[in-house]
Amino acid sequence: MSEGFERYERQYCELSSNLLKKCKSASLIDGERKKQKISEIKAGVDDAESLIRNMDLEARSLQPNIKAVLLAKLREYKSDLNNLKSEMKRLASSDLNQAARDELLEAGMADTLTVSADQRARLLTSTERLDKSSDRIRDSRKTMLETEDLGVSILQDLHQQRQSLLRADNTLHGVDDNISGSKKIVTNISRRMNRNKWIIGAVITVLVVAIVLILYFKLSK
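Residues numbered from 1 in each chain as written. Predicted model: local features only at pLDDT ≥ 70, side-chain atom pairs only at ≥ 80, totals over all residues. Heavy atoms only, no water.

1. Side note on the overall build of the protein
Part 1: Counting secondary structure elements, the protein contains four helices and zero strands.
Part 2: Along its sequence from the N terminus, the protein presents helices and strands in the succession α-α-α-α.
Part 3: Split into buried and exposed, the 221 residues of the protein put 14% on the buried side.
Part 4: A sequence separation of at least 24 residues applies to 73% of the contacts in the protein between residues at least 6 apart.
Part 5: A total accessible area of about 17,700 Å² is found for the protein, and carbon and sulfur atoms account for 58% of it. (Helix = DSSP H or I, 4+ residues; strand = E, 2+ residues; numbered from the N terminus. Buried < 20%, exposed > 50% of the residue type's maximum accessible area, 1.4 Å probe, protein only. Contact = heavy atoms within 4.5 Å. Areas by Shrake-Rupley, 256 points an atom, 1.4 Å probe, with all protein chains shown as cover.)

Now the structure itself:
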């Protein structure tokens, strides 16, 4: 195998390992430190590309059987380099997105700080109106609850009065029954008195007739 290829290969492996570590550390930081780390990774990727080209030239200058083996190995290194480039682009993109978010946040803070006094006054007025509306709602709810309590009390009184009327009605029915019974008793007594009167009248009549007959017979002798 070519000594030149082996030298470039060894350098590439060390550089690739260092770039992978830098990518991992860059993903954990932000701000200027991250930008500096991305710049170092970009320079390392350029050096890695140079080493890949040198390995390619060395491999193509060798015998076909050795060249095939080295080119196969070189394809793996190119794939590894492409992965490093993708990771570098991802880090750079996330850094740009973070910068854009920071700018938007600063702009939003600036807009917030420049809110006019009229806007603040309108906000305070709206807040006062909301407070007054809340107070009115609370008062209305309190009145509603008081009215509900009064309605419940009236319903209870009406129920008690209804019970009293039902008891009075039952009492009247009892009195009416007693009166009907008394009326029957009086009617019976009246009938008995009339019957007794007729009996007494008949007895008196018989006695009078008997006395008249006795006197008649005595006087006729």
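So, next bit.
2. Describing the packing of aromatic side chains
Part 1: Under the criterion given, the structure shown has two aromatic pairs.
Part 2: Their ring planes at 65° and their centres at 5.7 Å tell us that Tyr 216 and Phe 217 sit as a pair that is edge-to-face.
Part 3: We classify Tyr 216 as exposed; its relative accessible area is 53%.
Part 4: Its end group placed over the ring of Tyr 8, Arg 7 keeps NZ or CZ at 5.1 Å from the ring centre. (Phe/Tyr/Trp six-rings, centres within 6.5 Å; stacked < 30°, edge-to-face > 60°. Lys NZ or Arg CZ within 6 Å of the ring centre and 35° of its normal.)

3. Quick word on the side chain of Ser 16
Part 1: Assignment of secondary structure puts Ser 16 in helix H1 (residues 3-26).
Part 2: Once you skip the residues sitting within four places of it in the chain, Ser 16 turns out to touch Asp 80 and Leu 84.

4. Describing the nonpolar core
Part 1: Judged by nonpolar contacts, the single largest core of 23 residues is most densely connected at Tyr 12, Ile 41, Ile 52 and Met 55.
Part 2: Not counting residues within four places of it along the chain, the set of residues in contact with Ile 52 comprises Tyr 12, Leu 74, Tyr 77, Lys 78 and Leu 81. (Core = buried A, V, L, I, M, F, W, Y, C linked by side-chain atoms within 4.5 Å.)

5. Focus: the UniProt feature "transmembrane region" (unreviewed entry) in the protein
Part 1: Per the UniProt record, the feature "transmembrane region" (unreviewed entry) sits at residues 198-217.
Part 2: With 100% helix and 0% strand, residues 198-217 has its two end C-alpha atoms placed 28 Å apart. (UniProt positions renumbered as here; feature names shortened; annotations may be inferred.)

6. Looking at helix H2 (residues 32-60)
Part 1: Relative to the 42 Å expected for 29 residues at 1.5 Å per residue, H2 spans 42 Å between its end C-alpha atoms, a close match to the ideal helical length.
Part 2: Within the span of H2, buried status applies to Lys 34, Ile 38, Ile 41, Gly 44, Val 45, Ala 48, Leu 51, Ile 52, Met 55, Asp 56 and Ala 59. (Expected span 1.5 Å × (residues − 1).)

7. What to know about the packing of H1 against H2
Part 1: For the pair H1 and H2, interaxial distance at closest approach is 9 Å and the crossing angle is 160°. Regarding the angle of H1 to H2, the classification is roughly antiparallel. Where H1 crosses over H2, the handedness of that crossing is left-handed.
Part 2: Per-class residue counts for the contact of H1 with H2 are 14 nonpolar, five polar and seven charged. (Axes fitted to C-alpha atoms, helices over the stretch in contact; angles between N-to-C directions. Parallel < 35°, antiparallel > 145°, perpendicular 65-115°, else oblique. Left-handed = near helix turned anticlockwise from the far one by under 90°. Nonpolar A, V, L, I, M, F, W, Y, C, P; charged D, E, K, R; others polar.)

8. Things to note about a nonpolar patch on the surface
Part 1: Where nonpolar side chains cluster on the molecular surface, the patch consists of Ile 199, Val 203, Leu 207, Ile 211, Leu 215 and Leu 219 and spans about 610 Å² of accessible area.
Part 2: Counting through the fold element by element, Ile 199 comes out in helix H4 (residues 117-220). (Patch = residues over 30% accessible without salt bridge, like charges linked within 9 Å, V, L, I, M, F, W, Y side chains within 5 Å. Salt bridge = Lys/Arg side-chain N within 4 Å of Asp/Glu carboxyl O.)

9. Things to note about the pattern of salt bridges
Part 1: Applying the stated criterion across every chain yields a total of six salt bridges.
Part 2: For Arg 60, the salt bridge is made with Asp 56, and the minimal N-O distance between the two is 3.0 Å. Taken together, the residues span about one helical turn, with Arg 60 and Asp 56 both in helix H2 at a distance of four residues.

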